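Letter by letter, the chains look like this.
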Amino acid sequence: MSEQVKLPIKSARDIAETHGWDQVIVVARKVGDDGFEHVVTYGKDAAHCEAAARAGNAIKHHLMKWPCSLFDSALRILGVGRDGENPRALSVTLNTEASDLDIRMVHDLLTPPTYSPAAVERGA
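The structure reproduced in this document is the subject of the present report. (Residues numbered from 1 in each chain as written. Predicted model: local features only at pLDDT ≥ 70, side-chain atom pairs only at ≥ 80, totals over all residues. Heavy atoms only, no water.)

**Description of the overall build of the protein chain**
Stated precisely, the cut-off is as follows: Secondary structure is summarised from DSSP: a helix means a run of H or I of at least four residues, a strand means a run of E of at least two, and numbering begins at the N terminus for each. Only protein chains enter the accessibility calculation, which uses a 1.4 Å probe; a residue whose area is less than 20% of its type maximum is buried, one above 50% is exposed, and one in between is partly exposed. The contact criterion used throughout is that any non-hydrogen atoms of two residues lie within 4.5 Å. Reported accessibility uses the Shrake-Rupley method at a 1.4 Å probe radius. Residues are deemed covered only where the shown protein chains occlude them.
Scanning the protein chain from N- to C-terminus turns up four helices and four strands. Traced from its N-terminal end to its C-terminal end, the protein chain shows the element sequence α-β-β-α-β-β-α-α. Per-residue burial over the protein chain gives 23% buried out of 124 residues. Counted over contacts in the protein chain with a minimum sequence separation of 6, partners at least 24 positions apart contribute 46%. Accessible area for the protein chain stands at about 8900 Å²; split by element, carbon and sulfur atoms hold 54% of it.

Quick look at the structure:
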C-alpha cells in the first residue's frame, strides 16, 4: 500500500496568493486498490476560510461520499498512541469527552469509506 501523504494547507495558500484567489479547494485522489482521497481548503480571511471549508465538506460528502457524521462534531483528535498491553489497539486522546455519536463518527472515519476510490472510478 502506498504511503498516504496529505497536502498541506500551505499548498492551497500558495495557489491563492500566486493567482489572486480568495478561496481555494484542492481535491487530490490516489486511485486504485491502494487509493485514498484528500481535500484541503484555504481562505484569505476567517469568512473565506469558513466558506471554503463548507464547500470542501460539501465536496467530501456529496461527491466523494464521505459520511456526513464526520462534519457534525467539534471533536478533535489531539494524539494517538499504542496500547502497551494490546499491539492491535490504539489509545486516542481527544479535546473533549466523546459522546456516543462522536464514537460512532470515529468508527466511521476509521472504517473503509462507503465508496472506495476504486469503486468511484468504476462508477459506483
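The structure having been displayed, the exposition proceeds.
**Regarding the nonpolar core**
The line we're drawing: Take the buried Ala, Val, Leu, Ile, Met, Phe, Trp, Tyr and Cys residues and link them wherever side-chain atoms come within 4.5 Å; each set so joined is a nonpolar core.
Formed by Ala12, Ala16, Val24, Val26, Val40 and Tyr42, the largest nonpolar core amounts to six residues. Going through the elements one at a time, helix H1 (9–19), strand E1 (23–30) and strand E2 (36–43) are the ones with two or more residues in this core. Look past the residues within four positions of valine 40 in its chain and what remains in contact with it is Leu7, Pro8, Ile9, Ala12, Val24, Ile25 and Val26.

**Description of the pairing of E2**
Residues in a regular strand project their side chains so that they alternate between the two faces of the sheet. The line we're drawing: A pair of strands is considered paired only if DSSP assigns at least 2 bridges between the two.
Taken across its eight residues, E2 has seven buried, putting it largely inside the fold. In terms of strand pairing, E1 meets E2 through eight bridges, oriented antiparallel. Residue pairing for E2: lysine 30 is matched across the bridge by phenylalanine 36. Connecting E1 to the antiparallel partner E2 that follows it, the hairpin turn spans five residues, and glycine 32 within it adopts a positive phi of roughly 120 degrees.

**Notes on the side chain of glutamate 37**
Within the secondary structure layout, glutamate 37 lies in strand E2. Judged by relative accessible area, glutamate 37 falls into the buried class, the value being 13%.

Function cannot be read off these values alone, since they describe shape.
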